[in-house]
Protein chains: 2
Amino acid sequence: MSRSNPRVLSTLERAGGFASAQEVYRLMQREGESIGLTTVYRALQSLVNDKIVDVLRREDGEAIYRLCGEAHHHHLVCKSCGDTVEIEGGAIEKWAKVMAEEHGFREVGHTAEIFGLCGKC
Amino acid sequence: MSRSNPRVLSTLERAGGFASAQEVYRLMQREGESIGLTTVYRALQSLVNDKIVDVLRREDGEAIYRLCGEAHHHHLVCKSCGDTVEIEGGAIEKWAKVMAEEHGFREVGHTAEIFGLCGKC
DNA sequence: GCAGAAATGAAAATGATTTTCATTCCCATA
DNA sequence: TATGGGAATGAAAATCATTTTCATTTCTGC
């Protein structure tokens, strides 16, 4: 069931490891690759499931996909230029664990993003 | 030019200070208010411009509007039954601030959610 | 070679958001 | 009180990312 199409992955890499589904699709088109938009979406979703890429949101709501290392980390995103910095989340891990225990939750995960204006913007 | 319709604002307040445009609209409909969806969108945008409300994104990309003054809190969500607990995020606030400073970001906000299985599930 | 499963992609559907545009409301001034 | 113009309103159409449908093609193991 692995729909993690390698051509899509390699295109995402070539795009700087950071692009929307539409961008990946247009890039592949421009490069003469024959692929359908549907397949690009499916491949990206699959890559997200396999935790090979992360998905974030642009300010306009468009999903952007981003290659990421295996280590669990968080993002500091510039809301103007989209620049992203991967940051350490030790404090969050602990917070999530404590909060979950306190309320009797198990098998917990979490998301946390910080957004603002970067130095250049 | 102030399109910050007070009925929209008061509905957003009644919704717990946290809702999407569509939800605000549906809520107003249900309460018998006569208003157009377009106006709801315009009013919310206007409130954002006036910095009376914040805008965030749900995981599916839908924009959600939040009253600025509201005590900022986070959520612990059960991924099985959807039960939600509002939790304190003091640790997160500090983490976000430190991380932002460290990387030269300003005007920062953040999102953080914890999800897992609640005691009943 | 062949059946059945998985992958593919074109086209249609969906759903949030925005735009268009004609109408209505408000309000200051003649 | 009439009136003229700018602002507000909302229905309907347009936009755009994303998902679904479904028919077709490609793989796989036998």
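Everything here concerns the structure above.
### What about helix α2 (residues 21-30) of chain B?
Residue and element names in this part refer to chain B.
Phase 1 of the analysis: Buried within α2 we find A21, V24, L27 and M28. The buried residues of α2 occupy one face: seen down the axis, they fall within an arc of 130 degrees.
Phase 2 of the analysis: Where α2 is buried, its residues meet α1 (6-14), β1 (18-20), α3 (37-49) and β3 (63-67).
Phase 3 of the analysis: Positive backbone phi, approximately 80 degrees, marks G32, located one or two places after α2.

### Re the sheet that holds strand β5 (residues 84-87) of chain B
Phase 1 of the analysis: The 6 strands lie next to each other as β5(A)-β4(A)-β6(A)-β6(B)-β4(B)-β5(B), forming an open sheet whose pairing is mixed. The sheet is open, and its two edges are formed by β5 (84-87) of chain A together with β5 of chain B, each paired on a single side. Neighbour to neighbour, the strand axes of the sheet diverge by 20 degrees on average, direction disregarded.
Phase 2 of the analysis: Two strands pair when backbone bridges link them, and strand β4 (residues 74-78) of chain B and β5(B) are joined in this way by 4 bridges, in the antiparallel orientation. Bridge pairing in β5(B) links H74(B) to I87(B).
Phase 3 of the analysis: Against the sheet, helix α4 (residues 90-102) of chain A contacts β4 (74-78) and β6 (106-117) of chain A together with β4, β5 and β6 (106-117) of chain B, and its axis sits at roughly 135 degrees relative to β6(A).

The rules behind each value
Residues numbered from 1 in each chain as written. Chains lettered and ligands numbered in written order. Predicted model: local features only at pLDDT ≥ 70, side-chain atom pairs only at ≥ 80, totals over all residues. Heavy atoms only, no water. Buried < 20%, exposed > 50% of the residue type's maximum accessible area, 1.4 Å probe, protein only. Helix = DSSP H or I, 4+ residues; strand = E, 2+ residues; numbered from the N terminus. Arc of directions from axis to C-beta. Contact = heavy atoms within 4.5 Å. Pairing = 2+ DSSP bridges. Axes fitted to C-alpha atoms, helices over the stretch in contact; angles between N-to-C directions.

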